[in-house]
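Listed here are the chains, written in short residue letters.
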Amino acid sequence: MNIIDKYILKKYLSTFVVMLSLFAPIGIIIDVSEKINKMIENKIPLTDILVYYFHFTIYFMNLLFPIFLFLSVIWFTSKLANDTEIIAILSSGISFTRFLRPFLIGASIISVVVLLMGFFIVPKASEGFNNFRYTYLRGDGKQAMRGDNTDVYRQISDSEFIYVNSFNPETKTAYSFSYEKFKKDKLEHKISASRIQWNPKTKNYTMYDYVKRTVGELGDKIEKADQKDAKFSFDLADLTPVVYIAETLTLGELNQFIEKEKKRGSSNINVYLVVLYKKFSIPVSAFILTIIAVAVSAMKRRGGMGLSLAIGIGLAFAFVFFDKIFGTLAEKSSFPPLLAVWFPNIVFGILAIFLLRNAKR
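As the structure is a prediction and not an experimental result, all values here were calculated from the model. (Residues numbered from 1 in each chain as written. Predicted model: local features only at pLDDT ≥ 70, side-chain atom pairs only at ≥ 80, totals over all residues. Heavy atoms only, no water.)

Novice: Run through the packing of aromatic side chains, naming residues and quoting values.
Specialist: Scanning the model with the defined rule gives 37 aromatic pairs in all. Geometrically, the ring pair formed by Tyr-12 and Phe-103 is edge-to-face, given 6.3 Å between the ring centres and 75° between the ring planes. Taken as a pair, Tyr-12 in helix H1 (residues 3–41) and Phe-103 in helix H5 (residues 96–137) lie far apart in primary sequence, 91 residues in all. On the basis of relative accessible area, Tyr-12 is assigned to the buried category, the value being 0%. Note on Phe-16 and Phe-65: the rings are 6.3 Å apart at their centroids and 85° apart in plane angle, and the pair reads as edge-to-face. Taken together, the positions of Phe-16 in helix H1 and Phe-65 in helix H3 (residues 65–82) put the pair 49 residues apart, joining distant regions of the chain. Both residues of the pair, Phe-16 and Phe-65, belong to the buried class. Of the aromatic side chains, those joined through ring pairs into one cluster are Phe-23, Tyr-52, Tyr-53, Phe-56, Tyr-59, Phe-60, Phe-68, Phe-129, Phe-132 and Tyr-136. (Phe/Tyr/Trp six-rings, centres within 6.5 Å; stacked < 30°, edge-to-face > 60°. Helix = DSSP H or I, 4+ residues; strand = E, 2+ residues; numbered from the N terminus. Buried < 20%, exposed > 50% of the residue type's maximum accessible area, 1.4 Å probe, protein only.)

In structure tokens, the structure reads:
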């Protein structure tokens, strides 16, 4: 890289860091003002609050990363244009494509950082952020944390199915339990119980009003007991995982979790796939938004930086709007999660190509 490349790259990264440093405290102040009454009312320990805001900062910056990046590029590129530095650079014989090189290098650095954070750091921050909110700040937090925990029917393997009428995550107890084991599409045996409870010490389950029916060629065999201990290959907590479980898993854990949920026939599989695909789509958006920001703000305008910033803010919020709308569409309908997650990048990628071609002229 030459001197101009280093100069632009330094401006790119430093402005982005400053933008994060400015908006993160604002986000914390707004959040504190909204939640201070709940915190005082619930007598939340100061250490828990400090840990929460550490996780909140990471979660907040990752959530609004596209807006921060876009505005920072718009800001310093507009400043370069207004100071006629870009005109001087292009007049020296450097093409607009060559002028983009340090911007793309900066986008690459930020993309790698965001990618690694999304794999390993953001999941832990998301867990701390959501656990705090559901534990302290919501009246029905612990119940809402598990979503709908009634009439749960799950496939736990190729030949095993379980059903519970309701599940209490606090006591690790499920009610109206039934377990069915098949062999070559034929029922081998069925176990039912009025309730089943997990025993942490012995690592097994206790079934109450136990009934086991074994299907035979000449007749069925019935076994009954008031109480019976047994071991199963499922975890009661997995029957109704927390609603934000996918956000709290690292890449490897998330892939394993999704495979397990696919085998179980989970109805929330699209929610988990959206989280997985976004880990890769968000870093790619850094390149697209950088190109759009440079193309929009590289030309000196009569309205100055204000006009460029207005255009940038509009495009940035449009990107976030598309991202949220199509993400929700994939989670709540049969819309393909992969297409939903990548659709904003596709649309704004086409826009980036169009703006870049006009900027070159």
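Anyway, onward from the coordinates.
Novice: How would you sum up the pattern of salt bridges? Please name residues and give values.
Specialist: Taken as a whole and assessed by the stated rule, the structure comprises eight salt bridges. Residue Asp-31 pairs with Lys-35 through a salt bridge whose shortest N-O separation is 2.6 Å. With Asp-31 and Lys-35 both in helix H1, this residue pair falls four residues apart, about one helical turn. A relative accessible area of 6% means that Asp-31 is categorised as buried. Its salt-bridge partner being Lys-79, residue Asp-83 comes within 3.3 Å of it at the nearest N-O pair. Residue Asp-83 is classed as partly exposed on the basis of its relative accessible area of 39%. On the accessibility criterion, Lys-79 (43% relative accessible area) is partly exposed. (Salt bridge = Lys/Arg side-chain N within 4 Å of Asp/Glu carboxyl O.)

Novice: For the nonpolar core, give the residues involved together with the corresponding values.
Specialist: Grouped together as the largest cluster of nonpolar side chains are 55 residues, with contacts concentrated most on Phe-103 and Ile-292. With 11 residues, H3 is the largest single contributor of residues to this core. Counting residues in each nonpolar core, the second largest holds 19 residues, with Val-152, Ile-156, Phe-232 and Leu-239 among its members. (Core = buried A, V, L, I, M, F, W, Y, C linked by side-chain atoms within 4.5 Å.)

Novice: Tell me what's going on with empty space enclosed by the protein, and back it up with residues and numbers.
Specialist: Within this structure, the stated rule accounts for one cavity of 30 Å³ or more. For the largest cavity, the calculated volume is near 40 Å³. Every residue lining the largest cavity is listed: Asn-2, Ile-4, Asp-5, Ile-8, Ile-89, Ile-94, Arg-98, Phe-99 and Pro-102. Residue assignment for the lining of the largest cavity shows that the elements contributing at least two residues are H1 and H5. (1 Å grid on protein atoms, 1.4 Å probe; cavity = no way out; pocket = protein on both sides within 12 Å on 5 of 7 lines; lining within 4 Å. Points joined across faces, edges and corners; volume = space filled by probe spheres on them.)

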